[in-house]
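Topology and contacts: notes
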Amino acid sequence: MTRFSRPARTTLLALTALTLAACAHRGSDHAAMHAMHHGAMAPNAAPTAPLKMAPSTPTLAGGYKKVAAPPEARLYFVNLRNGSVVSSPVKVVFGLSGMGVAPAGVEKAGTGHHHLLVNLNETDVNTALPATEQIRHFGLGQTETSLELKPGQHTLQLLLGDQNHIPHHPVVLSERITITVK
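Residues numbered from 1 in each chain as written. Predicted model: local features only at pLDDT ≥ 70, side-chain atom pairs only at ≥ 80, totals over all residues. Heavy atoms only, no water.

What follows deals with the overall build of the protein chain. When helices and strands are tallied, the protein chain shows one helix and 10 strands. Along the protein chain, helices and strands appear, N-terminal first, in the series α-β-β-β-β-β-β-β-β-β-β. Here the protein chain holds 182 residues, and 36% of them are scored as buried. Contacts spanning at least 24 positions in sequence make up 70% of the contacts within the protein chain whose residues lie at least 6 apart. Of the accessible surface of the protein chain, which amounts to about 10500 Å², a share of 60% is contributed by carbon and sulfur atoms. (Helix = DSSP H or I, 4+ residues; strand = E, 2+ residues; numbered from the N terminus. Buried < 20%, exposed > 50% of the residue type's maximum accessible area, 1.4 Å probe, protein only. Contact = heavy atoms within 4.5 Å. Areas by Shrake-Rupley, 256 points an atom, 1.4 Å probe, with all protein chains shown as cover.)

What follows is the structure in structure tokens.
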């Protein structure tokens, strides 16, 4: 058994206690700690109004059958929450569960690729998504980006698209959040 001097034992005990306290804190309030690390939270942020869109149809007018999404598929922001206060450039990390990520052009069941909606209030989920400043495409299968945004409030939302940039049926959409860039 290794013997430590009294000061060394005291230091080891203090470090052990701090580590255990951090682990306990991480388990009970990990989301809050994560949010604080990646951007302050506005207290009691009001929910952001939902994106306006017509109901998704399983088959488009031209006969294209939309790719089916499993009901458990969930799209979310890993590092941002509604009410986050951040600096530009804003790092945005995309999260997806219940499905996989595949590049545009790759037809593989149970997959899609990310589209980031920036300050977009309305879109058509029954057509291919255009590539614009408000609809950012991540067709190479990327799962994060860095956005240059002007100071002020901005809305962000993730939308999954199939190999042809057409949203799945049912639509796989994250919560629409409002962030403030300082």
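Having seen the structure, we can now continue with the description.
Bringing the nonpolar core into the picture now. Core analysis: the largest hydrophobic core is formed by 23 residues, its most contacted members being Val90 and Leu156. Of all elements in the fold, only β2 (74-77), β4 (90-97), β6 (111-118), β9 (152-161) and β10 (177-181) reach the threshold of two or more residues within this core. Take this core: its biggest share by element is four residues, from β4. Excluding its chain neighbours within four sequence positions, the residues that come into contact with valine 90 are Leu80, Thr145, Ser146, Leu147, Leu149, Ile179 and Val181. (Core = buried A, V, L, I, M, F, W, Y, C linked by side-chain atoms within 4.5 Å.)

Quick look at the pairing of β2 now. A one-sided burial pattern is seen for β2, the buried positions being Leu75 and Phe77 and the unburied ones Arg74 and Tyr76. Pairing geometry for β2 and β4, over four bridges, is antiparallel. If you follow tyrosine 76 over to β4, its bridge partner there is glycine 95. (Pairing = 2+ DSSP bridges.)

Note on sheets: strands pair through backbone hydrogen bonds, and any given pair is parallel or antiparallel. The three strands are arranged β2-β4-β8 in an open sheet whose pairing can be described as antiparallel. One side of each edge strand has no neighbouring strand; the edge strands of this open sheet are β2 and β8 (144-147). For this sheet, the mean angle separating the axes of adjacent strands, direction not counted, is 25°. (Axes fitted to C-alpha atoms, helices over the stretch in contact; angles between N-to-C directions.)

For threonine 180, the location among the structural elements is in strand β10. The spacing of threonine 180 and asparagine 82 is 98 residues in sequence and 9.4 Å in space, taken between C-alpha atoms. With near-sequence residues (within four places) excluded, threonine 180 lies in contact with Ser84, Val85, Val86, Gly152 and Gln153.

With the rule as written, the count across this model stands at one aromatic pair. On the numbers, 5.0 Å between centres and 65° between planes, the contact of phenylalanine 94 with phenylalanine 138 is edge-to-face. Taken as a pair, phenylalanine 94 in strand β4 and phenylalanine 138 in strand β7 (residues 135-138) lie far apart in primary sequence, 44 residues in all. The pair formed by phenylalanine 94 and phenylalanine 138 is uniform in burial state, with each residue classed as buried. The ring of tyrosine 76 has arginine 74 sitting right over it, with the charged end atom 4.4 Å from the ring centre. (Phe/Tyr/Trp six-rings, centres within 6.5 Å; stacked < 30°, edge-to-face > 60°. Lys NZ or Arg CZ within 6 Å of the ring centre and 35° of its normal.)

Moving on, we come to the pattern of salt bridges. This model, assessed by the stated rule, comprises two salt bridges. The salt bridge involving glutamate 144 is made with lysine 91; its shortest N-O contact spans 3.8 Å. Of this pair, glutamate 144 sits in strand β8 while lysine 91 is found in strand β4, placing the two residues 53 residues apart along the sequence. Salt-bridge contacts for glutamate 133 lead to arginine 136; the nearest nitrogen and oxygen are separated by 3.2 Å. (Salt bridge = Lys/Arg side-chain N within 4 Å of Asp/Glu carboxyl O.)

Take the environment of glutamine 142 next. Of note, glutamine 142 is situated in the loop between β7 and β8. Judged by its relative accessible area of 29%, glutamine 142 is partly exposed. Not counting chain neighbours up to four residues away, the residues in contact with glutamine 142 comprise Phe94 and His114.

For the rest of this paragraph, the subject is the confidence of the model for the protein chain. Summing up the model confidence of the protein chain, the mean pLDDT is 84 and the portion of residues at 70 or higher is 76%. In this model, residues 10-39 is a region of pLDDT below 50 whose contacts with residues beyond four sequence positions or in other chains number 12 contacts. (pLDDT = per-residue confidence, 0-100.)

On to the side chain of histidine 115. Note that histidine 115 resides in strand β6. Given the relative accessible area of 0%, histidine 115 is considered buried. At 3.3 Å, the side chain of histidine 115 and the side chain of histidine 165 are in polar contact. When residues no more than four places from it in sequence are discounted, the contact partners of histidine 115 are Leu129, Arg136, His137, Phe138, Gln157, Leu158, Leu159, Leu160, Gly161 and His165. (Polar contact = N/O pair within 3.5 Å; in protein donor to acceptor, adjacent residues only side chain to side chain.)

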